[in-house]
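If you want the building blocks of each chain, they are given just below.
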Number of protein chains: 2
Amino acid sequence: MSTQPKAENLTWHRGEVDRAARTAAHGHQGAALWLTGLSGSGKSTLAHRVERLLIERGCFAYVLDGDNVRHGLNADLGFAPEERKENIRRVGHVARLFADAGALVITAFISPYREDRAQVRAMMPEGEFVEVHVAADLATCEARDPKGLYAKARAGEIRGFTGIDAPYEAPEAPELRVDTGAQSVDESAAQVVAWLEERGYLAG
Amino acid sequence: MSTQPKAENLTWHRGEVDRAARTAAHGHQGAALWLTGLSGSGKSTLAHRVERLLIERGCFAYVLDGDNVRHGLNADLGFAPEERKENIRRVGHVARLFADAGALVITAFISPYREDRAQVRAMMPEGEFVEVHVAADLATCEARDPKGLYAKARAGEIRGFTGIDAPYEAPEAPELRVDTGAQSVDESAAQVVAWLEERGYLAG
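Residues numbered from 1 in each chain as written. Chains lettered and ligands numbered in written order. Predicted model: local features only at pLDDT ≥ 70, side-chain atom pairs only at ≥ 80, totals over all residues.

1. Looking at the overall build of chain A
Thinking step 1. If you tally the helices and strands in chain A, you get eight helices and five strands.
Thinking step 2. Written out in order from the N terminus, the α and β elements of chain A read α-β-α-β-α-α-β-α-β-α-α-β-α.
Thinking step 3. The C-alpha atoms of chain A give 17 Å as radius of gyration, which agrees with the globular expectation for 204 residues (17 Å, within 12%).
Thinking step 4. For chain A, the share of sequence-separated contacts (at least 6 apart) that also reach a separation of at least 24 residues comes to 78%. (Helix = DSSP H or I, 4+ residues; strand = E, 2+ residues; numbered from the N terminus. Rg over C-alpha atoms; globule rule 2.2 N^0.38 Å. Contact = placed C-beta atoms within 7 Å.)

Below, the structure is given as structure tokens:
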């Protein structure tokens, strides 16, 4: 999150395409929808449904997913606190690049720490970071346990598992709160897209 | 470049939008145009001109630039050999994500080592990595010296400078070779776009 790059002898290269031209060409704004919530809250499922709805509307949309980014860009990182922090830092910068490119990028990471999310927000222009709390509660997520991870965490086979023996710091003032414990995936995805539409994100 | 992530307990999440649906929605293919060449060869200038031409045609295009990526995602990296390698590894993964999202992403990094470029090529599906040798020769680049870096390198103020006291390994079989020493930026950019058009990248 440093604004002072380690590498010297850098100059900013001014692009030929400014943001207004990009938005006009694409017909929608660029932004990062930052989904945060417990394991099993339905972040990835919601992200992929929203992506489909946006692409069907002709938007440029893409999901950055905790699972698949960790196979590539962040394959060198584990789940220790500093590694989680670096994971979120890198994903934040990639999301920033996608938003700058004019995409609606949807990230699906637990991202349990307020400070880490605040740092991602701080690196993006006003209005481009949209924090979405995917707010199924712990009992609901643990009852679902789609990957069997809560069972392993309760059995002590996984250490530092968010919600069990590591904290989840819920957003205090997210742009949007989606109760995936009380409504269907379709309802939740429609809620997100309606929010974007009302705020003008889907207009060029 | 490891295919074995360090983090355990990962599963691949299958998206709802496949590549064909994405290409049809956008009207063009996703790919990474990987520009490689000496400092001063005109990579960034060419990248931004190609980006503009593609956006004017309604494509989703974006430049990942050596200078601006290093202010964000790779602000923790310098220019030592291992740091250059990690720089290219991360940029390669970001380019892969953009191409997977259906974008035409244009990267402008010296990327002097064949092995590093080969590793980026290997992480992408066949046909999505398009190596473009921006082939102004050293004498031309040094005569231009737009950032005054060759002068500093000759004076010993910068160590490990590509072309002076660090190697540049030119591509042996790039998809495209652009002689920016002999033709104008407009001519070079038109050459790149014509190549993309002939190969079908600009059709959905």
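Structure shown, so let's carry the discussion forward.
2. A short note on the environment of Gly163 of chain B
All names here are of chain B.
Thinking step 1. One can find Gly163 in the loop between helix H7 (149–154) and strand E5 (176–178).
Thinking step 2. On the basis of neighbour counts, which here come to 21 C-beta atoms within 10 Å, the residue Gly163 falls in the buried class.
Thinking step 3. Along the backbone, Gly163 and Val69 are 94 residues apart, and their C-alpha atoms lie at a distance of 22 Å.
Thinking step 4. If sequence neighbours within four positions are ignored, Gly163 has contacts with Leu38, Leu138, Cys141 and Tyr168. (Buried ≥ 20, exposed ≤ 12 C-beta atoms within 10 Å, placed from the backbone.)

3. A short note on the pairing of strand E4 (residues 129–134) of chain B
Residues and elements named next belong to chain B.
Thinking step 1. A large share of E4 lies buried, amounting to six of its six residues.
Thinking step 2. Here E4 shows no split at all, with Phe129, Glu131 and His133 on one side and Val130, Val132 and Val134 on the other all buried.
Thinking step 3. In terms of strand pairing, strand E1 (residues 31–36) meets E4 through five bridges, oriented parallel. Paired with Thr36 across the two strands is His133, which belongs to E4.
Thinking step 4. When E4 meets E5, the two strands line up parallel, connected through three bridges. Residue pairing across strands places Val132 opposite Leu176, the latter belonging to E5. (Pairing = 2+ DSSP bridges.)

4. Considering the packing of helix H2 (residues 43–56) of chain B against helix H8 (residues 185–198) of chain B
Residue and element names in this part refer to chain B.
Thinking step 1. Remark: H2 packs on H8, axes separated minimally by 9 Å, with the N-to-C direction vectors making an angle of 55°. The angle between the axes of H2 and H8 places the two elements in the oblique class. The handedness of the crossing between H2 and H8 comes out as right-handed. Contacts between H2 and H8 involve Thr45, Leu46, Arg49, Val50, Leu53 and Leu54 from the former and Val185, Ser188, Ala189, Val192 and Val193 from the latter. (Axes fitted to C-alpha atoms, helices over the stretch in contact; angles between N-to-C directions. Parallel < 35°, antiparallel > 145°, perpendicular 65-115°, else oblique. Left-handed = near helix turned anticlockwise from the far one by under 90°.)

5. Some words on the confidence of the model for chain A
All names here are of chain A.
Thinking step 1. Summing up the model confidence of chain A, the mean pLDDT is 91 and the portion of residues at 70 or higher is 93%.
Thinking step 2. Segment residues 1–5: pLDDT under 50, and eight contacts once partners within four positions in sequence are set aside and those in other chains are kept.
Thinking step 3. Note that pLDDT drops below 50 for residues 7–13; the model gives that stretch 19 contacts with residues more than four away or on any other chain.
Thinking step 4. Scored as a complex, the prediction yields pTM 0.92 and ipTM 0.91. (pLDDT = per-residue confidence, 0-100.)

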